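Coordinates in review
Listed here are the chains, written in short residue letters.
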Amino acid sequence: MKKKKIALITGITGQDGAYLAKFLLKKNYKVFGIKRRTSTINTSRIDDIYQEDTSNKKNNFILKYGDVTDPANINSLINEILPDEVYNLAAQSHVQVSFATPLYTSMTNSLGVINILESIKELRSKKKIKFYQASTSEMFGNHTQKILNEKSNFKPVSPYGSSKVFAYWLTKNYRDSYDIFAVNGILFNHESPLRGETFISRKVSIHVAKKFLGEKKILRIGNLYSKRDWGHAEEYVEGMWKMMQHKEPQDLILATNKSYTVKEFIERAFKEINIKLKWVGKGLKEKAVNSKTGEICVMVDEKYYRPNELHYLKGNPQKAFKNLKWKPKINFNTLIKEMVHSDIAKFENDKF
Ligand code: NAP
Ligand code: GDD
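Let me begin by describing the structure that accompanies this report. Just so it is clear, the structure is predicted and the values come from calculations on it, not from any experiment.

1. Topic: the pairing of strand E1 (residues 6–10)
The buried fraction of E1 amounts to five of the five residues, a majority that puts the element mostly inside the structure. Here E1 shows a buried face lined by Ile-6, Leu-8 and Thr-10 and a second buried face lined by Ala-7 and Ile-9. As judged from the five bridges shared by E1 and strand E2 (residues 30–35), these two strands associate in the parallel manner. The partner of Leu-8 across the bridge, within E2, is Phe-32. What joins E1 to E2 is helix H1 (residues 15–26), and the crossover it makes is right-handed.

2. Concerning the site of ligand 1
Neighbouring residues of ligand 1: 26 residues in total, closest Thr-13, Arg-36, Asp-67, Ser-93 and Tyr-160. Asp-67 places a side-chain nitrogen or oxygen 2.8 Å from a nitrogen atom of ligand 1. Between ligand 1 and His-190 there is a distance of 2.9 Å, counted from an oxygen atom to a backbone nitrogen or oxygen. Within the complex, the protein chains bury 90% of what would otherwise be the 900 Å² of accessible surface of ligand 1. At the level of elements, H1, helix H4 (102–122), strand E5 (130–136) and helix H5 (159–178) are the ones that each hand at least two residues to the shell around ligand 1. Here the shell around ligand 1 gets three residues from one element, more than from any other, and that element is E5. Grouping the constituent residues of the shell around ligand 1 by class yields 10 nonpolar, 11 polar and five charged.

3. So, the packing of aromatic side chains
The geometry of an aromatic ring pair is captured by two quantities: the separation of the ring centres and the angle between the planes. Throughout the structure, instances matching the rule amount to 12 aromatic pairs. With centroids separated by 5.9 Å and ring planes inclined at 40°, the aromatic side chains of Tyr-87 and Tyr-132 adopt a geometry described as tilted. Within this pair, whereas Tyr-87 is found in strand E4 (residues 85–88), its partner Tyr-132 is found in strand E5, the two being separated by 45 residues in sequence. For the residue pair Tyr-87 and Tyr-132, the accessibility class agrees, reading buried in each case. Feature note: the residues Phe-140, Phe-154, Tyr-168, Trp-169 and Phe-188 constitute an aromatic cluster, connected by ring pairs. If you follow Lys-130 out to its NZ or CZ, it ends over the ring of Phe-181, 4.4 Å from the centre. Here Lys-203 stacks its cationic end above the ring of Tyr-304, 3.3 Å away from the centre of that ring.

4. Regarding the pattern of salt bridges
Taken as a whole and judged by the stated rule, the model has 16 salt bridges. Salt-bridge contacts for Asp-251 lead to Arg-175; the nearest nitrogen and oxygen are separated by 2.8 Å. In this pair, Asp-251 is assigned in the loop between helix H7 (233–245) and strand E11 (252–254) and Arg-175 in helix H5, connecting sequence segments 76 residues apart. Each member of the pair, Asp-251 as well as Arg-175, is classed as buried. Here Glu-309 makes a salt bridge to Arg-228, at a shortest N to O gap of 3.5 Å.

5. Side note on the site of ligand 2
Within the structure, ligand 2 sits among 23 residues, and Ser-137, Tyr-160, Ser-226, Arg-306 and Glu-309 are positioned closest to it. Tyr-160 is positioned with one of its side-chain polar atoms (N or O) 2.6 Å from an oxygen atom of ligand 2. Computed on the free molecule, ligand 2 has an accessible area of 710 Å², of which 96% lies beneath the protein chains in the complex. Along the lines of polarity and charge, the residues of the shell around ligand 2 split into eight nonpolar, nine polar and six charged.

6. Examining the sheet that holds E5
Read across the open sheet, the seven strands follow the order E3-E2-E1-E4-E5-E6-E11; overall the sheet is parallel. In the strand order of this sheet, the two ends are held by strand E3 (61–65) and E11, each with one partner. Pairwise comparison of adjacent strand axes, ignoring direction, gives a mean angle of 25° for this sheet. Judged from the four bridges that link them, E4 and E5 form a sheet pairing that is parallel. Looking across to E5, one finds that Tyr-87 is bridged to Tyr-132. Contacting E1, E4 and E5, H4 runs over the sheet at an angle of about 165° to E5.

Conventions adopted
- Residues numbered from 1 in each chain as written.
- Chains lettered and ligands numbered in written order.
- Predicted model: local features only at pLDDT ≥ 70, side-chain atom pairs only at ≥ 80, totals over all residues.
- Heavy atoms only, no water.
- Buried < 20%, exposed > 50% of the residue type's maximum accessible area, 1.4 Å probe, protein only.
- Helix = DSSP H or I, 4+ residues; strand = E, 2+ residues; numbered from the N terminus.
- Pairing = 2+ DSSP bridges.
- Right-handed = clockwise from strand over helix to strand, strands pointing away.
- Near = heavy atom within 4 Å.
- Polar contact = N/O pair within 3.5 Å; in protein donor to acceptor, adjacent residues only side chain to side chain.
- Areas by Shrake-Rupley, 256 points an atom, 1.4 Å probe, with all protein chains shown as cover.
- Nonpolar A, V, L, I, M, F, W, Y, C, P; charged D, E, K, R; others polar.
- Phe/Tyr/Trp six-rings, centres within 6.5 Å; stacked < 30°, edge-to-face > 60°.
- Lys NZ or Arg CZ within 6 Å of the ring centre and 35° of its normal.
- Salt bridge = Lys/Arg side-chain N within 4 Å of Asp/Glu carboxyl O.
- Axes fitted to C-alpha atoms, helices over the stretch in contact; angles between N-to-C directions.
- Contact = heavy atoms within 4.5 Å.

Structural data, given as structure tokens:
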């Protein structure tokens, strides 16, 4: 019988970690996830696949405590598990928060990568371990180029983006210097019902769902005019896996090649609950009212502005299509529909 492949995922409790774990279990992998100790339980995204009984040989999903900033911990876990593939998804992944916590963000997003790559390097005579780094479109910063590709240069505009550029180059350095199969997946924004609640897409879907169920609050929002290339996380984790199965390690973009403003996202989400928004005012005074009733639905709040903004993102996924046969199918409207209806179902029986 063919031996099961072993994957180690950092960032297992996050959006992508959860989708990737489920995807790899379906592909017959044994999956280990690294989870931080937290004062309140934060495994809701993976509770459906978690089994407590680690002595059961049929248990193919195992969680280990750890933190990518702790080299001793990472080294001992990689030595113990001896994975075939490591997917490094762990990050302080919120751009606005990275302005408030630049050092912590860099320790996790950059130095954490060194800890993993060093362990893989030290083990390479014993086992060839493949490495996936969760790189990001945020590395590109503001460009005049309308569609970004793998050759576009990096000019990050946030501590988060800068920390990820460092990690991108480390990944490439270890690949070139030590012949490690190490790849950067340069992923544009991807969302889902499992998206963190403070990212714009989920903040909006939760708000709209609760409004549908009777809540009266106003949605307070920052920059309405930035544009993002939004895809679905479930499709993007398949792209990660495909990058790791390719014969050559290559850094590839995953994106939809479509871009929409935050304002368009909000309009589309409200439309899902049959509210047509009418925008009035400008700048900090801009707001949206229900076009039928005049009720204020959305207001701009300076609190959500960032010290610097990445205004526009659109990626060209042609290379991934050509080399991996990876192509996103879920479009902007379908993504928003799924997120809003999932949150309506989630909050239907809750009090909020
Ligand atoms: P997410 O939901 O914020 O998840 C981040 C994960 O990293 C969580 O499990 C978190 O654990 C864990 N983590 C944070 N600091 C850690 C540390 N020091 N040690 C170990 N684990 C740590 O992020 P995501 O949306 O799934 O994104 C996954 C990765 O892709 C991230 O690296 C992100 O930067 C990158 N990325 C995301 C997108 C996107 O649009 N989603 C696009 C491009 C790149 P806790 O639950 O304990 O906080
Ligand atoms: N989060 C948030 N909250 N963003 C807001 C808000 C708000 O209230 N109001 C406006 N925005 C704008 C932000 O200024 C940004 O231009 C856009 O909405 C998207 O913000 P996020 O959803 O926080 O995502 P992001 O693009 O900054 O970063 C995400 O995508 C990157 C890939 O491009 C994260 O997932 C990163 O980890 C990822 O690398």
